[in-house]
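In case you want the letters, here they are:
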Amino acid sequence: MRLFLVPISTRRTLIYGQRLNKVTHPTPSMADKASARAAKLWLQWESRDKGWQKKATEYGNKLFNRIPFEEWGLKSIPPLSARRQQREIEGKKIEVIYPPSIISEKSVSKALKKLATERNVLHRKRLMWSIVGMPIMAPFGLIPLIPNLPFFYLIYRAFSHWKALSGAKHLKFLVEKNLFQPVQSSALDAVYIRHASATTIDSDALVKETKVEWTEVNNRIIKREEKDAKGGERDVLLIEMQDAQAIAKVAGFPALAVECERAYKQVAGQMKLHAEEEAQRLRAEKADQTEHDTKKRT
């Protein structure tokens, strides 16, 4: 296995695992059989021109794209079996590929530890609620003609949260046992340094207008970790949508393009939403202050 650390913004990083020389067992597990069957059925439904199956896949894909990119990343790391644990202890260290202009070698361990632990409580809680919801949705399967899609979706989400927790456990094991080897990638780094500037929200424009305005930030500001008004690190987008294909190409891992695109859309969308909410709050405070000053003068 090989791990990739792909910074999306100064606060958010995508981790993704690439399996090398994957071992195929002669007898697939029940989980593998179920996953393969579900994937085949989903592709059949997607290929239809119309009908409820086509609609189901359209809505389903929208729901899948709303799943946090951090969850997809943890799911890419295989569960830690006793055999795999022994093999990793006795074998070579797991390579962690990263761009050195954004992540320093000494901060790789800290980044891995954070990614391995920060979402565990969330995944456990949502795994529990998915399991609790299954018996509630199960009776809807008695309705003829239409499959019980909410029930199957809860099964999928429970399995997804379990896989994310398993990936996080594996990642934590690698960090605690120091079984990883940071590897600088100049090719990956080139994707970041080719931009003369990165992108962030223009807060001043937001206060005046109702729409989001983006502004460019020189990369030297990122290195200084510029602080915002609240004293925290200013969040800055480090990649653009078209960089996803370039990152996948230099990594030699085509599946990484989809994950980078998903991560970019989610991070950019959340930055816009938070900035708009903050701008509305500032405009409301400004209006209240103006009204207060007017009353005071009269």
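Predicted model, so just to flag it, every value in this text is computed and none were measured.

**A look at the sheet that holds strand E1 (residues 2-7)**
Moving on, step 1. Read from one edge to the other, the open sheet built from 4 strands follows the order E2-E1-E3-E4, with strand pairing classed as mixed. The two strands at the open ends of the sheet, each matched to only one other strand, are strand E2 (13-18) and strand E4 (180-184). Neighbour-to-neighbour, the strand axes of the sheet open up by a mean angle of 25°, direction not taken into account.
Moving on, step 2. As defined by bridge partners, strand E3 (residues 94-98) adjoins E4 across 5 bridges and the pair is classed as parallel. Within E4, the residue paired with Ile94 across the bridge is Phe180.
Moving on, step 3. With respect to the sheet, helix H8 (residues 186-193) is in contact with E1, E3 and E4, its orientation differing from that of E1 by roughly 15°.

**Examining unusual backbone geometry**
With the exception of glycine, most residues fall at negative phi, and the peptide bonds are largely trans.
Moving on, step 1. Residue Asn178 is not a glycine yet carries a positive backbone phi of 55°.
Moving on, step 2. Within the fold, Asn178 resides in the loop between helix H7 (149-176) and E4.

**Regarding the side chain of His161**
Moving on, step 1. By secondary structure assignment, the location of His161 is in helix H7.
Moving on, step 2. Beyond its immediate sequence surroundings of up to four residues, His161 is in contact with Glu71, His123, Arg126, Leu127 and Ser130.

**Looking at the pairing of E2**
Moving on, step 1. By the criterion of burial, E2 is predominantly enclosed, with 5 of the 6 residues buried.
Moving on, step 2. Here E1 pairs with E2 via 6 bridges, running antiparallel. Bridge pairing in E2 places Phe4 opposite Tyr16.
Moving on, step 3. Hairpin connection between E1 and E2: a loop of 5 residues separates the two successive antiparallel strands.

**Remarks on the packing of helix H5 (residues 108-117) against H7**
Moving on, step 1. Relative to each other, H5 and H7 sit at 150°, their axes nearing to 8 Å. As judged from the angle between their axes, H5 and H7 are roughly antiparallel. You can see that H5 and H7 cross each other, and the crossing is left-handed. Touching Ser109, Leu112, Lys113, Leu115 and Ala116 of H5 are Ala168, Leu171, Lys172 and Val175, all from H7.
Moving on, step 2. When grouped by side-chain class, the residues that make up the contact of H5 with H7 number 6 nonpolar, 1 polar and 2 charged.

**Considering a nonpolar patch on the surface**
Moving on, step 1. Together, Met128, Trp129, Val132 and Ile136 line one region of the surface with nonpolar side chains, adding up to about 430 Å² of accessible area.
Moving on, step 2. Examined against the element boundaries, Met128 turns out to sit in helix H6 (residues 120-137).
Moving on, step 3. Relative accessible area serves as the criterion here: at 43%, Met128 is assigned to the partly exposed category.

Criteria and cut-off values
- Residues numbered from 1 in each chain as written.
- Predicted model: local features only at pLDDT ≥ 70, side-chain atom pairs only at ≥ 80, totals over all residues.
- Heavy atoms only, no water.
- Pairing = 2+ DSSP bridges.
- Helix = DSSP H or I, 4+ residues; strand = E, 2+ residues; numbered from the N terminus.
- Axes fitted to C-alpha atoms, helices over the stretch in contact; angles between N-to-C directions.
- Contact = heavy atoms within 4.5 Å.
- Buried < 20%, exposed > 50% of the residue type's maximum accessible area, 1.4 Å probe, protein only.
- Parallel < 35°, antiparallel > 145°, perpendicular 65-115°, else oblique.
- Left-handed = near helix turned anticlockwise from the far one by under 90°.
- Nonpolar A, V, L, I, M, F, W, Y, C, P; charged D, E, K, R; others polar.
- Patch = residues over 30% accessible without salt bridge, like charges linked within 9 Å, V, L, I, M, F, W, Y side chains within 5 Å.
- Areas by Shrake-Rupley, 256 points an atom, 1.4 Å probe, with all protein chains shown as cover.
- Salt bridge = Lys/Arg side-chain N within 4 Å of Asp/Glu carboxyl O.

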